[in-house]
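Residues per chain, in single letters:
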2 protein chains.
Amino acid sequence: MTFQQAKRAERMNPSIIREILKVTEKPGIISLAGGLPSPDTFPVQAMREAAERVLRDNPREALQYAASEGYGPLREWVAAQLNAQGLNVEAAQVLITTGSQQGLDLVGKILIDAGSRVAVESPTYLGALQAFNPYEPQFVSVPCDDNGPLPEQLDVARGARFLYALPNFQNPSGRCMNAARRDALMARAQEIGLPVVEDNPYGDLWFDEPPPAPLSSRWADGSVYLGSFSKVLAPGLRLGYVVAPKPLYPKLLQAKQAADLHTPSFNQRVVHEVIRDGFLQQHVPTIRAKYKSQRDAMRAALEAHMPAGCRWNTPVGGMFFWIELPEGVDAMALLPHAVENGMAFVPGSAFYADHPKLNTLRLSFVTVSEERIEQGVKALAQTLKEQQR
Amino acid sequence: MTFQQAKRAERMNPSIIREILKVTEKPGIISLAGGLPSPDTFPVQAMREAAERVLRDNPREALQYAASEGYGPLREWVAAQLNAQGLNVEAAQVLITTGSQQGLDLVGKILIDAGSRVAVESPTYLGALQAFNPYEPQFVSVPCDDNGPLPEQLDVARGARFLYALPNFQNPSGRCMNAARRDALMARAQEIGLPVVEDNPYGDLWFDEPPPAPLSSRWADGSVYLGSFSKVLAPGLRLGYVVAPKPLYPKLLQAKQAADLHTPSFNQRVVHEVIRDGFLQQHVPTIRAKYKSQRDAMRAALEAHMPAGCRWNTPVGGMFFWIELPEGVDAMALLPHAVENGMAFVPGSAFYADHPKLNTLRLSFVTVSEERIEQGVKALAQTLKEQQR
């Protein structure tokens, strides 16, 4: 090839999940593999009205170049929202991003040198590994239990540039850190001077009670916080945000400016128009109720059908069940058989930076109906039983 | 600070232009400094109707996660459009980006290692320097005349990862390469194996006749082409595209996926809805006519008022005049005096990767009225005369 590629390009790979989804996109397959929110939850009518109002009242501002920081009133809204959840931030610390995926890219860009150590949970969000990878870090997995990273094991991450953590209904494991774990983890992180990048796309999707206050509320100067509108409004708008301590903010802003100048002003104004008068207070409970009911359906199906030796925890929010199969079962090898039986899942190995647990898989309960959840889980159980014979 | 920053963060800086614009944002100042298109040209009504149709007919698709490559019909449209201009590309080579600024970032990400040489024009687009800078290149300026880079001087760029070139109505110089220069430049680039990254945000804004066929049409395998909807529709949608040779495309796509998953599907569908039936064939001529008339107003004002010893070429498209002041006049030092006299410009030194010509400045003729263009130029001329006394 004429082009000589950068060394970092070798670290980029097609998403394994994407490749898996292609294979499983056959008609009739019940896919519990996706990570998409349910389109039934998109507030289409509110969006239509908001788009119309923005283009009627402020078309020039909505369609012109805008500030790299983001739309002022939206930044104010984000700050107020986070402060109600226990943070203590100013709008000036909020950077609007093109989805929270961009937040991950920008954080990687300003904090990771080739060879830097970056600590992650085990398992962790695949998209973050993909975002950080081009900056050539060395990943360090922090040992975790059902409650998240183990504070007493955090020393393995000493000297890392940061710990990347998803405390609420983690993708893929569904787990949620309790308050005591958050306290202990952040206390230890601060003791060893390990900054934390907290990613919270799912926090609003709690079923019975809100999760404890963010990790960042426990050590503000050492935390970067990422949020998103993808799960409470719609992902196709690509709207997220990063909140950073004041000394770090200018570099993040410069990286943002270099990356795409600014997030579309139209989208920022439409979303602000939708949410400004408390819309989410009515809307998000409807998502919670729907997802909770589907979570219940999947739990019931798992209990009814899965063979002995499988283990899962019931997520108290979010979108995913995480299943541990009996030792020795390789979920990746199981997948083609499951697809033959009419269902698909994501093998868990994709979500590990190192030492993947091959006997794990992720099931989404939000995109298919309760009836099909039951059928899909039944087909998975059937596949397992066939393969264990 | 708690956070240890990446080495590349040192290379990021606040945009000089941004800082200048802040200083010049005083009430009453006639700013010829901006690089924004005129909001009078935004097709607001067409956007309103398109947004409404998209949210009425395909709300779930428009608001859901989507393919990283971009919206299929929009990619088809881009390919067809470029093929009509002399390229020979397939839709599969088109990647939709969040503005063409993101295209620059992705190109830098996959092609630049720390210390790589990257060749640029002299002067060149500041935003590209900002996009490439975090990847720590060593810039090499290729000597240029009024027609662009000099093919016989291209050897200074031997071994560079690519030459970044803006052949049409370049920002900041306004110059347009003629066909003979394009032929000679690309022939020489191919001889020495120097790939070319061609950036074309302004190509549609020609006043009398379209510019010659793209550089990329002359050496397809060695060229990456960037385009944008910012200047023909509206920049606030952040919609651009990159066209890459097939062997390079997958890495670009993986970089895109890591950067923001995909460009907002809503925006892609709205723009496709606006342009699908030939809207731009009616719309772009109105922008050309407006900008040409304002170009004429600025030319007349320059001829009427500027003191002897100043030099400029009349741009045949785009948005900018590039002025060379008499040797020894420092445009940066002149700026505060110009602001005092009621006008603002951008000092040319910001647009050089190295060896800035201090006696240059850029004037935009598209955002203020013809009457104020005349006043602004007069104030600039007045300032020059005062300072030369």
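Residues numbered from 1 in each chain as written. Chains lettered and ligands numbered in written order. Predicted model: local features only at pLDDT ≥ 70, side-chain atom pairs only at ≥ 80, totals over all residues. Heavy atoms only, no water.

Asks: Looking at this model, I keep getting lost on the overall build of chain A. Mind explaining?
Replies: In terms of helices and strands, chain A carries 12 helices and 15 strands. Rg of the C-alpha trace for chain A: 21 Å, near the compact-globule value of 21 Å for 389 residues, within the 12% margin. With respect to the principal axes defined by its C-alpha atoms, chain A has extents near 65 × 55 × 50 Å. Classification of the 389 residues of chain A by burial places 64% in the buried group. (Helix = DSSP H or I, 4+ residues; strand = E, 2+ residues; numbered from the N terminus. Rg over C-alpha atoms; globule rule 2.2 N^0.38 Å. Buried < 20%, exposed > 50% of the residue type's maximum accessible area, 1.4 Å probe, protein only.)

Asks: I tried to follow the domain arrangement of chain A on my own but got confused; where do I start?
Replies: Buried accessible area, meaning the area lost when the parts come together, often serves as the stated size of an interface. Residue and element names in this part refer to chain A. Looking at the assigned domains, one finds that chain A contains domain 1 (7-42 + 281-388) and domain 2 (64-278). If you average the C-alpha positions of domain 1 and of domain 2, the two centres end up 25 Å apart. Contacts between domain 1 and domain 2 engage 37 residues on the former and 34 residues on the latter. A buried area of about 3,100 Å², summed over both sides, lies between domain 1 and domain 2, and 59% of it is on carbon and sulfur atoms. (Domains from an automatic or database assignment. Contact = heavy atoms within 4.5 Å. Buried area = accessible area lost by both parts, 1.4 Å probe.)

Asks: Just to check I follow, could you spell out the sheet that holds strand β2 (residues 94-97) of chain B for this structure?
Replies: Within a sheet, each strand pairs with its neighbour through backbone hydrogen bonds, oriented either parallel or antiparallel. All names here are of chain B. Reading across the sheet, the 7 strands line up as β2-β10-β9-β8-β7-β3-β4 and stay open at both edges, with mixed pairing between neighbours. Two strands bound the open sheet, and with one partner strand each, they are β2 and β4 (138-141). Strand-to-strand twist across the sheet, computed as the mean angle between neighbouring axes with direction ignored, equals 20 degrees. Inspection of the sheet shows strand β7 (residues 163-165) paired to strand β8 (residues 196-199) by 3 bridges, in the parallel sense. Each bridged residue has a counterpart across the sheet, and for Leu163 the counterpart in β8 is Val196. (Pairing = 2+ DSSP bridges. Axes fitted to C-alpha atoms, helices over the stretch in contact; angles between N-to-C directions.)

Asks: Looking at this structure, how should I read the relation of the copies chain B and chain A?
Replies: A rotation about some axis, followed by a shift along it, carries one copy of the chain onto the other. Once chain B is rotated about the relating axis by 180 degrees and shifted along it by 0.0 Å, it coincides with chain A to within an RMSD of 0.0 Å. The two molecules are tied by a two-fold rotation axis, judged by turn and shift. A symmetric contact is evident, with 99% of the interface residues of chain B recurring at the interface of chain A. (Least-squares fit on C-alpha atoms with pLDDT ≥ 70 in both.)

Asks: I'm lost on the UniProt feature "domain: Aminotransferase class I/classII large" (unreviewed entry) in chain A in this one. Help?
Replies: The UniProt feature table records "domain: Aminotransferase class I/classII large" (unreviewed entry) at residues 32-380 of chain A. In residues 32-380 of chain A, the share of helix is 39% and the share of strand is 14%. The end C-alpha atoms are 10 Å apart. (UniProt positions renumbered as here; feature names shortened; annotations may be inferred.)

Asks: How do you make sense of the packing of aromatic side chains when you look at a structure like this?
Replies: Geometry of an aromatic ring pair is reported as the spacing of the ring centres plus the angle between the planes. Per the stated rule, a full pass over the model turns up 19 aromatic pairs over all chains. Ring centres 5.7 Å apart and planes at 65 degrees place the aromatic pair Phe229 of chain A and Tyr241 of chain A in the edge-to-face group. Here Phe229 of chain A, found in the loop between β9 (223-228) and β10 (240-243), pairs with Tyr241 of chain A, found in strand β10; they are 12 residues apart in sequence, far enough to count as distant. On the basis of relative accessibility, which here comes to 3%, the residue Phe229 of chain A falls in the buried class. Where Trp322 of chain B meets Phe351 of chain B, the ring centres are 6.1 Å apart and the plane angle is 80 degrees; that geometry is what we call edge-to-face. Of this pair, Trp322 of chain B sits in strand β12 (residues 320-324) while Phe351 of chain B sits in the loop between β14 (346-347) and β15 (360-364); the two residues are 29 residues apart in sequence, bridging distant segments of the chain. In textbook terms, an aromatic cluster arises when at least three aromatic residues are bridged by ring pairs, as seen for Trp77, Phe229 and Tyr241 of chain A. The ring of Trp206 of chain A carries the charged tip of Arg288 of chain A above its face, separated from the ring centre by 3.8 Å. (Phe/Tyr/Trp six-rings, centres within 6.5 Å; stacked < 30°, edge-to-face > 60°. Lys NZ or Arg CZ within 6 Å of the ring centre and 35° of its normal.)

Asks: What exactly am I supposed to notice about the interface of chain B and chain A here?
Replies: Taken together, the 81 residues of chain B in the interface contact 81 residues of chain A. For the pair chain B and chain A, the summed buried area comes to about 7,200 Å², and 59% of that belongs to carbon and sulfur atoms. On the chain B side of the contact with chain A, Phe3, Leu63 and Tyr65 of chain B bury the most area, a combined 11% of that side's loss. The interface formed by chain B and chain A includes 6 salt bridges. For Glu52 of chain B, the salt bridge identified is with Arg48 of chain A, shortest N-O distance 2.4 Å. Applying the counting criterion to the chain B and chain A interface returns 38 residue pairs in polar contact (both at pLDDT 80 or more). A breakdown of the residues in the side of chain B that touches chain A according to their chemical character gives 39 nonpolar, 23 polar and 19 charged. (Salt bridge = Lys/Arg side-chain N within 4 Å of Asp/Glu carboxyl O. Polar contact = N/O pair within 3.5 Å; in protein donor to acceptor, adjacent residues only side chain to side chain. Nonpolar A, V, L, I, M, F, W, Y, C, P; charged D, E, K, R; others polar.)

Asks: What am I meant to see in the nonpolar core here?
Replies: Side chains of nonpolar character tend, in soluble globular proteins, to be buried together. Phe229 of chain A together with Phe229 of chain B are the most contacted members of the largest nonpolar core, which totals 72 residues. Leave out the neighbours within four places in its chain, and Phe229 of chain B touches Leu74, Trp77, Val78, Ala234, Leu239, Tyr241, Val271 and Ile275 of chain B. Counting residues in hydrophobic clusters, the runner-up holds 63 residues, among them Leu104, Leu106 and Leu253 of chain A together with Tyr135 of chain B. (Core = buried A, V, L, I, M, F, W, Y, C linked by side-chain atoms within 4.5 Å.)

Asks: Looking at this structure, how should I read the side chain of Gln102 of chain B?
Replies: Along the polypeptide, Gln102 of chain B turns up in helix α5 (residues 99-111). Owing to a relative accessible area of 2%, Gln102 of chain B belongs among the buried residues under this scheme. Not counting the four nearest positions on each side in its chain, Gln102 of chain B is found in contact with Ala259 and Asp260 of chain A together with Thr97, Lys256, Ala259, Asp260 and Thr263 of chain B.

Asks: Could you clarify how one ought to interpret the sheet that holds β9 of chain A in this entry?
Replies: All names here are of chain A. Within the open sheet, the 7 strands sit side by side as β2-β10-β9-β8-β7-β3-β4. Their pairing is mixed. The open sheet has two edge strands, β2 (94-97) and β4 (138-141), and neither has a second partner. Averaged over all adjacent pairs, the angle separating strand axes in this sheet is 20 degrees, with direction ignored. Here 4 bridges tie strand β3 (residues 117-120) to β4, and the two strands are oriented parallel to one another. Residue pairing in the sheet places Val118 in a bridge with Phe139 of β4. Against the sheet, helix α4 (residues 72-84) contacts β2, β9 and β10, and its axis sits at roughly 115 degrees relative to β2.

Asks: Mind showing me how you'd approach the side chain of His305 of chain B here?
Replies: Residues and elements named next belong to chain B. With respect to the helices, strands and loops of the structure, His305 is situated in helix α10 (residues 279-305). The buried category is assigned to His305, whose relative accessible area is 16%. Among the polar contacts made by the side chain of His305, one reaches the side chain of Glu374 at a distance of 2.7 Å. Beyond its immediate chain neighbours, meaning those up to four positions away, His305 contacts Glu374, Lys378, Ala381 and Lys385.

Asks: Can you walk me through the environment of Pro201 of chain B in this structure?
Replies: Residue and element names in this part refer to chain B. You can see Pro201 is positioned in the loop between β8 and β9 (223-228). According to the relative accessible area criterion, Pro201 is buried, its value standing at 13%. In this structure, the C-alpha to C-alpha distance between Pro201 and Gly240, residues 39 residues apart in sequence, is 8.9 Å. Setting aside anything within four residues of it in sequence, one finds Pro201 in contact with Leu166 and Lys231.

Asks: How should the packing of helix α8 (residues 249-260) of chain A against α5 of chain B be read in this particular structure?
Replies: For any two helices packed against each other, the geometry is given by the interaxial angle and the distance between the axes. Close contact between α8 of chain A and α5 of chain B brings their axes to 5 Å; oriented N to C, the two are set at 100 degrees. Judged by the angle between their axes, α8 of chain A and α5 of chain B are roughly perpendicular. Contacts from Gln257, Ala258, Ala259 and Asp260 of chain A of α8 of chain A reach α5 of chain B at Gln101, Gln102 and Asp105 of chain B. A class-by-class count of the residues in the contact of α8 of chain A with α5 of chain B yields 2 nonpolar, 3 polar and 2 charged. (Parallel < 35°, antiparallel > 145°, perpendicular 65-115°, else oblique.)

Asks: Explanation requested: unusual backbone geometry in the structure shown.
Replies: Leaving glycine out, the prevailing phi sign among residues is negative, and the prevailing peptide bond configuration is trans. With omega at -5 degrees, the peptide bond leading from Ser122 of chain A into Pro123 of chain A counts as cis. The residue Pro123 of chain A is located in the loop between β3 and α6 (126-132) in this model. The residue Glu136 of chain B is not glycine, and still its phi comes out positive at about 60 degrees. Here Glu136 of chain B is to be found in the loop between α6 (126-132) and β4. Of note in the backbone geometry, Arg238 of chain B takes a positive phi value of approximately 50 degrees without being a glycine. Structurally, the position occupied by Arg238 of chain B is in the loop between β9 and β10 (240-243). Since its relative accessible area comes to 1%, Arg238 of chain B is described here as buried.

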